[in-house]
Amino acid sequence: MRTDQDQPVRLADYQPSAWLVETVHLDVALNATATRVRARLKLKPNTAAPAAAPLTLDGDGLALQSIALDGTALPADAYTATPDTLSIAQPPQRPFELTIETLVDPTANTQLSGLYRAGNTYCTQCEAEGFRRITYFLDRPDVMAVYTTRIEAEKADAPVLLANGNLIESGDVAGTTRHFAVWHDPFPKPSYLFALVGGALGHIEDTFVTMSGRRVALRIYVEPGREDRAGFAMDALKRAMRWDEQAFGREYDLDIFMIVAVSAFNMGAMENKGLNVFNDKYVLASPETATDIDYASIDGIIAHEYFHNWTGNRITCRDWFQLCLKEGLTVFRDQEYTADQRSRPVKRITDVRLLRAHQFVEDAGPLAHPVRPEIYREINNFYTATVYEKGAEIVRMLKTMLGAQGFRAGMDLYFQRHDGHAATVEDFIACFADATETDLAQFMRWYRQAGTPEVAVTLSHDPKTKTCTLDLTQMLRPTPGQPDKEPMVIPLALGLVGPDGRDLPLRLADGRTVEHGVVTLTQPTEVFVFAGVPARPVASLNRAFSAPVKLTANLTADELRFLAAHDSDPFNRWQALQTLGSTLLTDNVKALRAGAAMRTDAGLIDALGAILAEPALEPAFVAQALTVPSEADIARELGHDVDPDAIFAARVALRAAIGDALGAALRETYRRLSGGGPYSPDAASAGRRSLKNVALDLLAAAGSAAAIARAAQQYHTADNMTDRMAAIATLSFHPVPERQAAIDDFYRRFQADPLVIDKWFALQAGIPEAATLARVQELTRHPAFSLGNPNRVRSLIGAFAQMNQTQFNRADGTGYAFVADTILALDGRNPQVASRMMTAFKSWRALEAGRRAKAEGELRRVAAAQSLSTDVRDIVERSLAPA
Ligand SMILES: [Zn+2]
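For the structure given in this document, a descriptive report is provided here. Every residue gets a number counted from 1 within its own chain, in the order that chain's sequence is written. Only residues with pLDDT of at least 70 are given local features in this predicted model, and only at 80 or more are side-chain atom pairs given and counted; all residues enter the totals for whole chains, interfaces and linings. Values shown for side chains rest on all heavy atoms present in the structure; no hydrogens or waters enter the calculation.

1. As for the overall build of the chain
Here's step 1: The secondary structure listing takes helices from DSSP runs of H or I that are at least 4 residues long and strands from runs of E that are at least 2 residues long, numbered from the N terminus. Tallying secondary structure elements over the chain gives 26 helices and 31 strands in all.
Here's step 2: By the compact-globule yardstick of 29 Å for 883 residues, the chain fits well, its C-alpha radius of gyration being 28 Å.
Here's step 3: If one aligns the C-alpha atoms of the chain with their principal axes, the spans along those axes are about 90 × 65 × 60 Å.
Here's step 4: Relative accessible area decides the class of each residue, using a 1.4 Å probe on protein chains only: under 20% of the type maximum gives buried, over 50% gives exposed, and in between gives partly exposed. Looking at the chain residue by residue over its 883 residues, the buried ones come to 59%.
Here's step 5: For accessible areas, the Shrake-Rupley method is used with a probe of radius 1.4 Å. Any residue's cover is judged against the shown protein chains and nothing else. Summed over all atoms, the accessible surface of the chain reaches about 33000 Å², with 53% contributed by carbon and sulfur. The globule rule used for comparison is 2.2 Å times the number of residues to the exponent 0.38, while the radius of gyration itself is calculated over C-alpha atoms.

2. Things to note about the pairing of strand 8 (residues 85–88)
Here's step 1: If DSSP finds at least two bridges between two strands, the strands pair. Sheet analysis places strand 4 (residues 55–58) next to strand 8, joined by four bridges and oriented antiparallel. Across the sheet, residue threonine 56 finds its bridge partner in strand 8, namely serine 87.
Here's step 2: Note that strand 7 (residues 79–81) and strand 8 share three bridges and pair antiparallel. Along strand 8, the bridge assignment pairs alanine 81 with leucine 86.
Here's step 3: Between the end of strand 7 and the start of strand 8, which pair antiparallel, lie three residues.

3. Description of the coordination of the zinc ion
Here's step 1: The coordination sphere of the zinc ion contains the protein donors His304 (NE2), His308 (NE2), Glu327 (OE) and Glu327 (OE), at a distance range of 2.0 to 2.7 Å.
Here's step 2: Only nitrogen, oxygen and sulfur atoms qualify as donors, and only when within 2.8 Å of the metal (3.2 Å in the case of Na, K and Ca); with water excluded, sites may look incomplete. Spacing between the donor residues of the zinc ion along their common chain follows H-x3-H-x18-E. Remark: glutamate 327 occurs in helix 3 (residues 323–341) and histidine 304 occurs in helix 2 (residues 292–307); sequence separation between them is 23 residues. Exposure class is identical for histidine 304 and glutamate 327. Each is buried.

4. Thoughts on unusual backbone geometry
Here's step 1: For the peptide bond that leads from glutamate 127 to alanine 128, omega is 0 degrees, which places it in the cis range.
Here's step 2: Structurally, alanine 128 is set in the loop between strand 11 (121–125) and strand 12 (145–154).
Here's step 3: In the Ramachandran plot, glutamate 437 falls in the positive-phi region, its phi being about 50 degrees despite a non-glycine side chain.
Here's step 4: Summarising the element assignment, glutamate 437 is placed in the loop between helix 6 (425–436) and helix 7 (445–448).

5. Regarding helix 6
Here's step 1: A rise of 1.5 Å per residue sets the reference length of helix 6, with its twelve residues, at 16 Å; its end C-alpha atoms lie 17 Å apart and thus fit the reference within 8%.
Here's step 2: Those residues of helix 6 not exposed but buried are Val425, Phe428, Ile429, Cys431, Phe432 and Ala433.
Here's step 3: When checking whether two residues touch, look at their non-hydrogen atoms; a contact exists if any pair is within 4.5 Å. Taken together, the buried residues of helix 6 touch helix 3, helix 5 (385–418) and helix 7. To estimate the expected span of a helix, subtract one from its residue number and multiply by 1.5 Å.

6. Structural notes on the packing of aromatic side chains
Here's step 1: We call Phe, Tyr and Trp rings a pair once their centres come within 6.5 Å, taking the six-membered ring for Trp, and we label the pair stacked below 30 degrees between planes, edge-to-face above 60, and tilted otherwise. Inspection of the entire model under this criterion finds 37 aromatic pairs.
Here's step 2: The rings of Trp243, Phe248, Tyr252, Phe257, Tyr306, Phe307 and Tyr337 are connected pair by pair, giving a single aromatic cluster.
Here's step 3: Across from the ring centre of tryptophan 310, 4.6 Å away, lies the NZ or CZ of arginine 250, which sits over that ring. When the NZ atom of lysine or the CZ atom of arginine is within 6 Å of a ring's centre and also within 35 degrees of its normal, the charge is said to sit over that ring.

7. Here we look at the packing of helix 9 (residues 570–593) against helix 13 (residues 644–661)
Here's step 1: In this analysis an axis means a line fitted to C-alpha atoms, helices contributing only their contacting stretch, and an angle means the value between N-to-C directions, from 0 to 180 degrees. One can describe the packing of helix 9 onto helix 13 by two numbers: an axis separation of 9 Å at closest approach and a directional angle of 125 degrees. By the angle class used here, helix 9 and helix 13 are oblique. Note on packing geometry: the crossing formed by helix 9 with helix 13 is right-handed. Side by side, helix 9 and helix 13 meet where Leu584, Leu585, Asn588, Val589, Leu592 and Arg593 of the first sit next to Ala646, Ile647, Ala649, Ala650, Arg651 and Leu654 of the second.
Here's step 2: We call Asp, Glu, Lys and Arg charged. Ala, Val, Leu, Ile, Met, Phe, Trp, Tyr, Cys and Pro are nonpolar, and the rest, Gly among them, are polar. When the residues that make up the contact of helix 9 with helix 13 are grouped by side-chain class, the tally is nine nonpolar, one polar and two charged. For classification, angles of less than 35 degrees are called roughly parallel, those exceeding 145 degrees roughly antiparallel, those between 65 and 115 degrees roughly perpendicular, and all remaining angles oblique. Crossing handedness is defined as follows: a turn of the near helix away from the far one that is anticlockwise and smaller than a right angle gives a left-handed crossing, while the clockwise case is right-handed.

8. Comments concerning the pattern of salt bridges
Here's step 1: Think of a salt bridge as a Lys or Arg side-chain nitrogen and an Asp or Glu carboxyl oxygen that are within 4 Å of each other. Taken as a whole, this structure holds 75 salt bridges when the rule is applied.
Here's step 2: We note a salt bridge from arginine 348 to glutamate 393, for which the minimum N-O separation is 2.7 Å. Within this pair, whereas arginine 348 is found in helix 4 (residues 344–363), its partner glutamate 393 is found in helix 5, the two being separated by 45 residues in sequence.
Here's step 3: As a salt-bridge pair, arginine 851 and glutamate 848 come within 3.0 Å of each other at their nearest N and O atoms.
Here's step 4: The class of arginine 851 is buried, set by a relative accessible area of 4%.
Here's step 5: It is possible to trace a salt-bridge network through shared partners that takes in Arg593, Asp641, Asp643, Asp645, Glu848 and Arg851.

9. Digging into the nonpolar core
Here's step 1: Buried Ala, Val, Leu, Ile, Met, Phe, Trp, Tyr and Cys residues form a nonpolar core when they are joined through side-chain atoms within 4.5 Å. Within the largest apolar cluster, 169 residues are counted, with the highest numbers of intra-cluster contacts made by Leu98, Val283, Phe428 and Phe530.
Here's step 2: Of the residues forming this core, the biggest block, 13 residues, is contributed by helix 5.
Here's step 3: Among all residues touching phenylalanine 428, those that are not within four sequence positions of it are Leu325, Leu329, Val395, Leu398, Met411, Tyr414 and Tyr447.
Here's step 4: Among the nonpolar cores identified, the runner-up in size contains 111 residues, and Leu626, Ala650, Val694 and Ala711 belong to it.

10. Brief notes about helix 11 (residues 619–626)
Here's step 1: Here helix 11 lies mainly inside the structure; seven of its eight residues are buried.
Here's step 2: Along helix 11, the residues classified as buried are Ala620, Phe621, Val622, Ala623, Gln624, Ala625 and Leu626.
Here's step 3: Where the residues of helix 11 are buried, they touch helix 4, helix 9, helix 10 (602–612), helix 14 (663–673) and helix 15 (683–701).

11. Regarding the sheet that holds strand 30 (residues 538–541)
Here's step 1: The strand order 28-27-30 describes an open sheet built from three strands, whose pairing is antiparallel. Each having just a single partner strand, strand 28 (518–521) and strand 30 make up the two edges of the open sheet. Strand-to-strand, the axes of this sheet are offset by a mean angle of 35 degrees, without reference to chain direction.
Here's step 2: Bridge count between strand 27 (residues 490–497) and strand 28: four bridges; the pairing is antiparallel. When the bridges of strand 28 are listed, proline 491 appears paired with threonine 520.

12. Examining the sheet that holds strand 29 (residues 525–531)
Here's step 1: Taken together, the four strands give an open sheet; going across it, the order is 29-26-25-31, and neighbouring strands pair in mixed fashion. Edge positions in the open sheet fall to strand 29 and strand 31 (550–553), since each of these has one partner strand only. Each strand of the sheet is rotated relative to its neighbour by a mean of 20 degrees, with strand direction disregarded.
Here's step 2: Summarising the sheet, strand 26 (residues 467–475) and strand 29 pair through seven bridges and their orientation is antiparallel. Bridging across to strand 29, threonine 473 finds its partner in threonine 525.

13. Comments concerning the environment of leucine 201
Here's step 1: Take leucine 201: it is sitting in the loop between strand 16 (196–199) and strand 17 (202–209).
Here's step 2: Taking the C-alpha atoms as reference points, leucine 201 and alanine 261, 60 residues apart in sequence, are found 9.4 Å from one another.
Here's step 3: Contacts of leucine 201, omitting those with residues within four sequence positions, involve Thr121, Val160, Tyr221, Val222, Glu223, Pro224 and Val260.

14. Digging into the side chain of aspartate 871
Here's step 1: For aspartate 871, the position within the fold is in helix 26 (residues 870–880).
Here's step 2: By relative accessible area, which is 7% here, aspartate 871 ends up buried.
Here's step 3: Not counting the four nearest positions on each side in its chain, aspartate 871 is found in contact with Glu378, Asn380, Asn381, Pro831, Gln832 and Ser835.

15. Comments concerning the environment of proline 106
Here's step 1: With respect to the helices and strands, the residue proline 106 is situated in the loop between strand 9 (96–104) and strand 10 (114–118).
Here's step 2: Residue classification places proline 106 among the buried residues on the basis of a relative accessible area of 1%.
Here's step 3: Proline 106 sits 75 residues away from alanine 181 along the chain, and the two C-alpha atoms are 19 Å apart.
Here's step 4: In this view, proline 106 contacts Asn31, Ala32, Thr33, Ala34, Thr35, Leu115, Tyr116, Arg117 and Tyr122; residues no more than four positions away in its chain are not counted.

This is the structure we're talking about:
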């Protein structure tokens, strides 16, 4: 494990590598505890770098066995080898070949970075800096080499041997029980995209014919016996390949594309060239074991990793500060894929919910950082909502401002100009500026300035001049390391909705027209005067969430209800209801804190009833409309003095009021959407199930015994996991005997299925009751639980810390203490997962004083612990840094 002595890395210090690697020949002899890796590197001085220098290769916990230069063993005084570096003080200043032999122990690798064992499968994870745990290397993304990988193993132990690229040779090792495979990847790539896999795996296969007529073999490898659960992933892969051809003109480039599902993985999935490695959670699905949300995640993540082949692999990042260059762009691409495959408005709503729940919260707390950070101590801590989701929003704003054609022209230029290179954010933005002759200098601030811009809008109307005026101001608060901010470029899509519910033409009084309904703010304050507006309109602002900002406007409750009923932008219909709900909930939390009574909002409930009664609306949209702001949403809106118990109570009261007032319509909705043929994971069917289950949940929230009985019945009779899981989730919020019966039944039914047992852990960790902490502590001793498997840790501890607001934030501080203890126990084993868990404390400063003191105490206890990983130390120290 790396210790916390490491110096921070700064973007400003970037220097090109003094040495380049042209080719890598790896010879890997797999063995569970002693895998021998022989790396033959063709190195050459980098003419683009300053004068020739010593050669220093990165390592991490390596044991050097031998080293030779141009085939001759190096004398001991010619090099220095430690576990973390290999240096040659005076290498020849010409191309030469270096052969390095290391010995690694995959079984002892509990960090799951580098070469490790997931069950009985050998696999690798090299992003960001895992390759240096396999061999000494120039482990940085701007060093791109052509790899040839020979893998050798016992045939019985690892009948399947895979690496990046195309298979060029395979066979038995004569006179032994071993065999080998040689893979060659013709595309130069950085070391973080290297992968190899060895094991006893089953697979399914298919073919894809690319737009130029090339036939590509597709294979998905899974644990033997799970092949029948990989079909949906294969279908998603083929749809993603076709979509990237149609939407971006991007074609696949190797003879084969492989996906391997493994049971122990730190992240969701990894886009290694031609050989994606996936957390099996995002590959395996059957109607009985996966929910509609699981299916949708598989679809989106398969597409995301595939899209990286161009945005990440063919064009990679110059350095890790540019991470958003591949991630923000690829998240945008997968969001667009999903929007085209499923419902665009519903996709936008779910993405914005996620953005606000994670990224806005990150941006408002001590871990706030720019989309392109300028300093890091541990790069693994920057795989964040800001880099990914806010990074995607920046790309979306480019498209909004430049239009679909201008955006495509910029993307085409990017692929043409930078294919085969390691690029920067500046390179990317320059392509759009050049392709559309647009000045994007100020727009670059989105990459540099952290924090969520706040936009305030005031509408006024003058019936005499028939003009409508929008006064807009923007403001960006200080964030860690950035006390002063400059105004941002904010593309605001808007409409003026007339009394008849129709959009008015947008004509500015100075004669300009508003293209595509978007005005672009660049100044701290701006005024837009619209002409030809006889009656006061209602402003529909930031349509489709065109900019990732926090917007306030002088809209009355009546106007919000009007938008909820009439806005031509479905996103803003949903947003109007959320704003009404959020206002009510924050008011009621404040009332509870002050010992006053909560108010009700009959108008909001009427508006929800109207949505429920509108037959033309898609059910998935109605389900989103009926889902009131989450506890995390309300905490974020409050911003300080957060009392999770008061938030919970206010939310329970609102849900009960909705369930009560709309009871008849909800019962009818539930009845109408029940039944209806065999399970299909398509978006329309999933939308119907989603609305049906939201209806049932609201009825139960109103305290209806009949609804509880119906939930119990649905749990026991469901023919698919979506309905079964929704029913047990509804039961989990009520202290009724049916709940424990269902929890016990669930375990009996699915105990052989770890991915389903993860749902069982998460469900119990999420119960909002005082007894839950003891239940979770008990479950850490359950035979199915293991600190060694990231999915188990996330499903039990992660669900408790991230999802269960009232119990993690217990007033007595025991929730914090339990999570801190777990992080300390996990850190020595898997620092990446431990530091991710540590981010559960990211909003501690916003808590009310009592909880804030308890949370701070636990953060200080972790900070004082001996031998913390760099990962956890970085998060805990940034969390505690003075605000
Ligand atoms: Zn990615």
